[in-house]
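# Fold and geometry: a report
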Amino acid sequence: MKTENHMTRIELEERRWNISVPIRTFVAGGLAGCAAKTVVAPLDRVKILLQAHNQHYKHLGVLSSLRQVLFKEGFVGLFKGNGVQMLRIFPYAAIQFSTFEQYKKFLKPFFSNHPHVNKLVAGSLAGLTAVFVTYPLDVVRSRVAFELEVGMVDTVRAMLYLEGGLRSFYRGIIPSMLGMAPYSGLSFFTYEVIKSFFLEYFPDILGKPCPQNTGGLVLIVPAKLVCGGLAGAVAQTISYPLDVVRRRLQLSSILPEPHKYNRGGWVHTLVMVYRDDGISKGLFRGMTVNYLRIMPMVGVSFTAYETLKQALGLDTGFDR
């Protein structure tokens, strides 16, 4: 085995590069997630208020809710909870994107003839990993966004000392995991399928040369945004009811009838939402605002991630 003293300069550079790739991927993913979430923060706030039937907003629509938040809380109110969201989203997106790359490499021998299936499975595993690690921050962010006059520190203190301690930070994690597996997997899968389609059939219109990448091409920015937007719409449509259940469980202790959602876990909550409010006004309540936020969010996320990877000299190529 060669020691560092006997390695050539090129070998040393290659070794340092290989070590730095996961770090660069981690940073690119985290920054991409922060950019995407900040773009849609006002719609994210409204989505939480509508999903959980906040008493001040439950009879309002998307636009009227936005106006009401502006009237009651000012422009800053549209971004309430976004500070703790950034604390959550940087590690969440960084873990999701970086573990996706690692899972994809690990699973490649098992799906050598089906590269897109590899990305579906890798995306699902990456989403589950990211959710499990960052879930407590998501719970706190939801509470801060839902309660009009309570800050992050008071929320954390109340959850620790009045609502069951550490267990309260993982309330609703089962539907989150169940919803994240198809959502994250389908996001990566759909994005990569559309990306490959664009580069294979419209390389002159939607692609541009990038010699360091597999295939020698990358998508232009508008095409990346379209791929990401469509990927987000497909994934969220399938997993949205579980997202509603997750919010109800996260906020159950501060809703008007907390006992309704605390008794039987996520299946009981799913049934109660359907029984009380039906499909369109219950399980898919807030879906309109969710499309408005998820399509630009996922579009910006994938676009920022791939653009940052290119800037950092990382491969963003595609499998034919």
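Owing to the predicted nature of the structure, the values given are computational and were not obtained by experimental measurement.

This part takes up helix α11 (residues 265–277). For α11, built from 13 residues, the straight-helix expectation of 18 Å at 1.5 Å per residue is met to within 8% by its first-to-last C-alpha distance of 18 Å. Looking at α11, one finds that the buried residues are Thr-269, Met-272 and Val-273. Across the axial projection of α11, the buried residues extend over an arc of 100 degrees, all falling on one side.

Counting all residues, the mean pLDDT for the protein chain is 81, and 82% of those residues have values of 70 or more. Mean pLDDT per element in the protein chain: helix α10 (residues 259–262) is the minimum at 60, and helix α8 (residues 203–206) is the maximum at 91.

Counted under the stated rule, the structure contains 15 aromatic pairs. Their ring planes at 65 degrees and their centres at 5.9 Å tell us that Phe-197 and Phe-202 sit as a pair that is edge-to-face. Relative accessible area serves as the criterion here: at 43%, Phe-197 is assigned to the partly exposed category. By relative accessible area, which is 34% here, Phe-202 ends up partly exposed. Joined through ring pairs, the aromatic side chains of Phe-97, Phe-100, Phe-188, Tyr-191, Phe-302 and Tyr-305 make up one cluster.

Between helix α4 (residues 82–107) and helix α5 (residues 115–146), whose axes approach to 8 Å, the crossing angle comes to 160 degrees. The orientation of α4 relative to α5 falls into the category roughly antiparallel. Between α4 and α5 lies a crossing of right-handed hand. Residue composition of the contact of α4 with α5, by class: 17 nonpolar, eight polar and five charged.

What counts as what
Residues numbered from 1 in each chain as written. Predicted model: local features only at pLDDT ≥ 70, side-chain atom pairs only at ≥ 80, totals over all residues. Heavy atoms only, no water. Helix = DSSP H or I, 4+ residues; strand = E, 2+ residues; numbered from the N terminus. Expected span 1.5 Å × (residues − 1). Buried < 20%, exposed > 50% of the residue type's maximum accessible area, 1.4 Å probe, protein only. Arc of directions from axis to C-beta. pLDDT = per-residue confidence, 0-100. Phe/Tyr/Trp six-rings, centres within 6.5 Å; stacked < 30°, edge-to-face > 60°. Axes fitted to C-alpha atoms, helices over the stretch in contact; angles between N-to-C directions. Parallel < 35°, antiparallel > 145°, perpendicular 65-115°, else oblique. Left-handed = near helix turned anticlockwise from the far one by under 90°. Nonpolar A, V, L, I, M, F, W, Y, C, P; charged D, E, K, R; others polar.

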